[in-house]
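As a plain string of letters, each chain reads:
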Amino acid sequence: MGLDIAFWILAVVSVVAALTVVSLRNVFRAALALVLCFIVIAGLYITLSADFLAAIQILVYVGAISILIILGIMLTREIEQGSPSNQFRIPAFIVAVIFLGAVGYALLNTAWPAVTPALMAPTTETLAGQLFGENGFILVVEITAVLLLAAILGAIVIVREK
Amino acid sequence: MSVGLEHYLILSAVLFSIGLYGALAKRNAITILMSIEIMLSAVNIAMVSFSRYVVSPAPLTGQVFAIFIMAVAAAEAAVGLAIIIAIYRGRGTIDPTKIDLMKW
């Protein structure tokens with residue numbers, strides 16, 4: 001019961017924060033709404049008993065990506081101009097609504113093999129087994145490391161002053 | 001009605017649609033990047049809710065996918081902002097409707 005109430009509060013706040021991100025003209029305030037949205041999504045992970053992912057969400061999204069985005073806003077000084085909509089505002093809205101309708105229809109008419117297992121103990125051990133254990137995702141972990149290295153080097157090379 | 005898998009999936013679809021609208025309709029490259037982050041987070045919610053509510057032989061695979069999505073999202077944000085800053089330096093604007101050098 002408590003989880004249900006938490007879900008509804010978090011769902012409403014996350015949708016409102018996301019709508020704020022796409023509707024505000026002031027980019028900086030939109031970035032702050034995005035931070036709120038990320039924090040609320042971490043709360044949603046907690047209601048899904050994904051404790052490790054909630055911590056990672058706070059660390060990576062709220063801690064790193066938000067700072068990157070705010071730094072980008074400050075370096076590009078587009079706050080006065082804001083983020084107005086382009087000429088495709090109405091078609092984009094229609095596309096988004098059609099997408100939501102199609103996905104919602106598909107979701108509600110699928111018989112998911114859903115059960116509600118008991119709340120799991122801390123997930124970190126199982127996750128580590130999945131990532132690094134036998135028959136796990138160790139190759140993908142290595143590739144992700146290479147991807148992050150390439151992204152860091154690429155970002156440095158792209159923004160370097162000539 | 002107690003909250004189940006469908007609720008989380010519908011929430012994920014709503015967040016994804018909001019991000020889709022923002023990515024298509026905004027005229028500021030950084031806002032578009034923020035919308036893409038919202039879309040990736042929405043996909044993450046769907047992945048985690050599947051791993052919570054659907055019994056599978058390999059537990060928590062959805063959460064493993066979510067971790068990889070987060071890593072790719074971090075790389076994408078870093079490279080995307082680097083490109084935006086480089087464009088702003090060269091052209092003085094980050095309005096995607098004006099960055100049309102390669103448009104036919």
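Residues numbered from 1 in each chain as written. Chains lettered and ligands numbered in written order. Predicted model: local features only at pLDDT ≥ 70, side-chain atom pairs only at ≥ 80, totals over all residues.

Chemist: What's the story with the overall build of chain B in this structure? I'm lost.
Modeler: A count of helical and extended segments in chain B gives three helices and zero strands. Element order for chain B, N to C, with α for helix and β for strand: α-α-α. Over its C-alpha trace chain B gives a radius of gyration of 17 Å, far above what one expects of a compact globule, namely 13 Å for 104 residues. For chain B, the C-alpha atoms occupy an extent of roughly 50 × 25 × 25 Å along the three principal directions. Of all 104 residues assigned to chain B, the portion counted as buried reaches 57%. Here the contacts in chain B between residues at least 6 apart in sequence split such that 51% fall between residues at least 24 apart. (Helix = DSSP H or I, 4+ residues; strand = E, 2+ residues; numbered from the N terminus. Rg over C-alpha atoms; globule rule 2.2 N^0.38 Å. Buried ≥ 20, exposed ≤ 12 C-beta atoms within 10 Å, placed from the backbone. Contact = placed C-beta atoms within 7 Å.)

Chemist: What is the right way to look at the interface of chain B and chain A in this model?
Modeler: In many analyses, interface size is given as the accessible surface area lost on bringing the parts together. Listed by partner, the interface residues are 64 residues for chain B and 72 residues for chain A. Elements with a minimum of two residues in the side of chain B that touches chain A: helix H1 (5-25), helix H2 (29-53) and helix H3 (61-91) of chain B. Here the side of chain B that touches chain A gets 21 residues from one element, more than from any other, and that element is H3 of chain B. When grouped by side-chain class, the residues that make up the side of chain B that touches chain A number 45 nonpolar, 14 polar and five charged. (Nonpolar A, V, L, I, M, F, W, Y, C, P; charged D, E, K, R; others polar.)

Chemist: Sorry if this is basic, but what is going on with the environment of isoleucine 65 of chain A here?
Modeler: Tracing the backbone shows isoleucine 65 of chain A in helix H3 (residues 51-76). Along the chain, isoleucine 65 of chain A and phenylalanine 7 of chain A lie 58 residues apart, while their C-alpha atoms are 25 Å from each other. Those residues within four positions of isoleucine 65 of chain A in sequence are excluded, and the remaining contacts are Val60 of chain A together with Glu37, Ala74 and Ala77 of chain B.

Chemist: Please clarify how the domain arrangement of chain A should be interpreted in this entry.
Modeler: Segmenting chain A into domains produces domain 1 (1-83) and domain 2 (121-162). Spacing between the C-alpha centres of domain 1 of chain A and domain 2 of chain A amounts to 23 Å. (Domains from an automatic or database assignment.)

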